[in-house]
Amino acid sequence: MLSRTAVAVARRATAAPVLRRSIATTVVRRHAETKVPTTHIKGLSEIKTKEDLFGPGAADGTVPTDVEQATGLERLEILGKMEGVDIFDMKPLDASRRGTMENPIPVRSAGDEQYAGCTGFPADSHNVIWLTMTRERPIERCPECGNVYKMNYLGPEDSHDHHHDDHHHGWEEPKTFADFVKPEYW
């Protein structure tokens, strides 16, 4: 019985080194050339148009890096991080005080809508509650702790040169419980 096991181990030992590397990979490695990318990667200060947000791609036969293959907003963020600029202002909100209606916690936004996660005051006193602020309704109050947040819009001004038709776009502000309270309870 011992001799049978020794023969089986010997068979596996002689077959294993042959299967470690095939002939095809050896030929590819032997003929591989080192290619140096010759394209210039634009810096953040050189981005002027949307076309500048397309990466140059990788050289043939190489795997692209994030800088080479990223496009659009992802590319803008990567180029900003390389130069030490926080493009999307990802700093946490001020949690050192309670936001009030007279002095709300400011939330900067470049879009029409912004989400903010409230963890309470003092910080982490309740689970995250996500609040939605819009340009039409910029102030939100946390239902758990009462913190007040106000969206400060930083985006481009509205263009008033578009046509105003009588056709309504169909979107309306969502209803809240306050819309269903009887007037005599106010």
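Residues numbered from 1 in each chain as written. Predicted model: local features only at pLDDT ≥ 70, side-chain atom pairs only at ≥ 80, totals over all residues. Heavy atoms only, no water.

So, the pairing of strand E1 (residues 105-109)
Rule in force here: When accessible area is computed with a 1.4 Å probe and restricted to protein chains, residues below 20% of their type maximum are described as buried, those above 50% as exposed, and intermediate ones as partly exposed. In this text, helices come from DSSP runs of H or I with a minimum length of four residues, and strands from runs of E with a minimum of two, each type numbered from the N-terminal end. A pair of strands is considered paired only if DSSP assigns at least 2 bridges between the two.
Residues Ile105, Val107 and Ser109 line the buried face of E1, whereas the alternating positions Pro106 and Arg108 sit on a face that is not buried. Bridge count for E1 against strand E5 (residues 148-153) is 5 bridges, and the pairing is parallel. What sits directly across from valine 107, in E5, is methionine 151.

A short note on the UniProt feature "binding site: Zn(2+)" (unreviewed entry) in the protein chain
We count it as follows: UniProt positions are given in the numbering used here, feature names are shortened, and annotations may be inferred rather than shown by experiment. Here a residue-residue contact requires only that any non-hydrogen atoms of the pair lie within 4.5 Å.
Per the UniProt record, "binding site: Zn(2+)" (unreviewed entry) is found at Cys118, His126, Cys142 and Cys145. Despite a sequence span of 28 residues, these residues sit close together in the fold, their greatest C-alpha distance being 10.8 Å. With respect to the helices, strands and loops of the structure, histidine 126 is situated in the loop between strand E2 (113-118) and strand E3 (129-134). Tracing the backbone through its elements, the reader meets cysteine 145 in the loop between strand E4 (139-141) and E5. Here cysteine 145 is in contact with Arg98, Cys118, Gly120, Phe121 and His126, once residues within four sequence places are set aside.

Some remarks on the state of the cysteines
Stated formally: We call a pair of cysteine sulfur atoms a disulfide whenever their separation is within 2.5 Å.
Applying the stated criterion to the full structure yields 0 disulfides. No disulfide involves cysteine 118; its sulfur sits 3.6 Å from the nearest other cysteine sulfur, which is in cysteine 145.

Side note on the pattern of salt bridges
Our working rule: For this analysis, a salt bridge means a side-chain nitrogen from Lys or Arg found within 4 Å of a carboxyl oxygen belonging to Asp or Glu.
Counted by the stated rule, this structure contains 6 salt bridges. For aspartate 89, the salt bridge goes to arginine 108, with nearest N and O atoms at 3.1 Å. Residue aspartate 89 is found in the loop between helix H4 (72-82) and E1, and its partner arginine 108 is found in strand E1; the two are separated by 19 residues along the sequence. Overall, aspartate 89 belongs to the partly exposed group, its relative accessible area being 27%. The partner of arginine 97 in a salt bridge is aspartate 94, with the nearest N and O atoms 3.2 Å apart. When salt bridges that share partners are traced, they join Asp89, Lys91 and Arg108 into one network.

What about H4?
All buried positions along H4 are accounted for by Arg75, Leu76, Ile78, Leu79 and Gly80. Close packing links the buried residues of H4 with helix H3 (66-69). Within two residues after H4, glycine 84 carries a phi angle of roughly 80°, on the positive side.

Thoughts on the nonpolar core
Just so we agree on the cut-off: The set of buried Ala, Val, Leu, Ile, Met, Phe, Trp, Tyr and Cys residues whose side-chain atoms join them within 4.5 Å is what this entry labels a nonpolar core.
Membership of the largest hydrophobic core is limited to 10 residues, which are Ile105, Val107, Ala116, Cys118, Leu131, Met133, Cys142, Cys145, Tyr149 and Met151. Taken together, the elements giving at least two residues each to this core come down to E1, E2, E3 and E5. Leu44, Ile47, Leu76 and Leu79 belong to the second largest nonpolar core, which has 5 residues in total.

Concerning the sheet that holds E1
For clarity, the cut-off: A fitted line through C-alpha atoms serves as each axis, taken over the contacting stretch for helices, and the angle formed by two N-to-C directions is quoted from 0 to 180°.
Strand order in the open sheet made by the 3 strands is E1-E5-E4, with mixed pairing throughout. Of all the strands in the sheet, just E1 and E4 have a single pairing partner and so form its edges. Taking each pair of neighbouring strands and ignoring which way they run, the sheet shows an average axis angle of 25°. Note that E4 and E5 share 3 bridges and pair antiparallel. When the bridges of E5 are listed, arginine 141 appears paired with valine 148.

Details of unusual backbone geometry
Generally, phi is negative for residues other than glycine and the peptide bonds are trans, each holding for most cases. With omega at 0°, the peptide bond leading from phenylalanine 121 into proline 122 counts as cis. Inspection of the secondary structure assignment puts proline 122 in the loop between E2 and E3. A positive phi angle is found at aspartate 89, which is not glycine, with a value near 50°. Notably, aspartate 124 is not glycine yet its phi reads approximately 65°, a positive angle. Relative to the helices and strands, aspartate 124 resides in the loop between E2 and E3.

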